[in-house]
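# Observations on chain architecture
For reference, the chains in residue letters:
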Amino acid sequence: MKNRNPVTSFKSTHSEKSLFMEETLIKNLQEKTGKTLEEWISIVKESAIEKHKEIVEFIKTKHGLSFAFANLIALKAQSSDSDSNENSADKIKTQSKGKLKSESSGFRASIRQVKTG
C-alpha cells in the first residue's frame, strides 16, 4: 500500500468537499428560493451594501434565507465586484495599511502609558 501524505490528502479532500458543498448550495438555491444565484447577486448590488457581514444579515433578515445561502450569495456578490474592479488589490493594500497603522499607534500609546504611568 502506498503511503500518502496526510496533509496533502486532507487538503485535496477538504477542497473537493468544499467545492461539492458549494455546487450543492448553488443548485438548491433556485429550488428553495425561486431565484438564481445571479438574481441574488443583483439584489445585493441593488442594496449597495458592501460589507460581507452586512450582506449576510440583509439577506437573512429581509429575505429569510439561511446563513449558508446568505453567506454563499455574499461571497459570490463580493467576488463578482472584485473581478470587475481593476484596482481591488490596491484598495485592499491601502485599507490594510491604514488599519495596521492605526492599530499599531494605539498599541504604542498604551505601552507609553504603562511605561510612564
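The following paragraphs examine the structure supplied in this document.

What counts, and where the lines are drawn
- Residues numbered from 1 in each chain as written.
- Predicted model: local features only at pLDDT ≥ 70, side-chain atom pairs only at ≥ 80, totals over all residues.
- Heavy atoms only, no water.
- Helix = DSSP H or I, 4+ residues; strand = E, 2+ residues; numbered from the N terminus.
- Buried < 20%, exposed > 50% of the residue type's maximum accessible area, 1.4 Å probe, protein only.
- Contact = heavy atoms within 4.5 Å.
- Areas by Shrake-Rupley, 256 points an atom, 1.4 Å probe, with all protein chains shown as cover.
- Expected span 1.5 Å × (residues − 1).
- Arc of directions from axis to C-beta.
- Core = buried A, V, L, I, M, F, W, Y, C linked by side-chain atoms within 4.5 Å.

Time to look at the overall build of the protein chain. Within the protein chain, the secondary structure is distributed over five helices and zero strands. Counting from the amino terminus, the protein chain carries its helices and strands in the arrangement α-α-α-α-α. Across the 117 residues that make up the protein chain, the buried fraction comes to 17%. Across the protein chain, contacts joining residues at least 24 apart in sequence account for 44% of those joining residues at least 6 apart. On the protein chain, roughly 9,400 Å² of surface is accessible, and the fraction owed to carbon and sulfur atoms is 56%.

A few words now on helix α3 (residues 52-63). Relative to the 16 Å expected for twelve residues at 1.5 Å per residue, α3 spans 16 Å between its end C-alpha atoms, a close match to the ideal helical length. Of the residues making up α3, those classed as buried are Ile-55, Val-56, Phe-58 and Ile-59. Buried residues of α3, viewed axially, fall in a sector of 160°; they line one side. Residues of α3 that are exposed and point over 90 degrees away from its buried face: Lys-53 and Thr-61. After α3 finishes, the residue Gly-64 shows a positive phi value of roughly 70°.

Let us now look at unusual backbone geometry. Here the phi dihedral of Ala-48 falls at roughly 65°; this positive angle occurs in a residue that is not glycine. For Ala-48, the location among the structural elements is in the loop between α2 (37-47) and α3.

Residues Leu-29, Trp-40, Val-44, Ile-59, Leu-65 and Ile-73 are the most contacted members of the largest nonpolar core, which totals 16 residues. Within the residue set of this core, elements represented by two or more residues are α2, α3 and α4 (67-84). Ignoring sequence-local partners within four residues, the contact set of Ile-59 consists of Val-44, Gly-64, Leu-65, Ala-70, Ile-73 and Ala-74.

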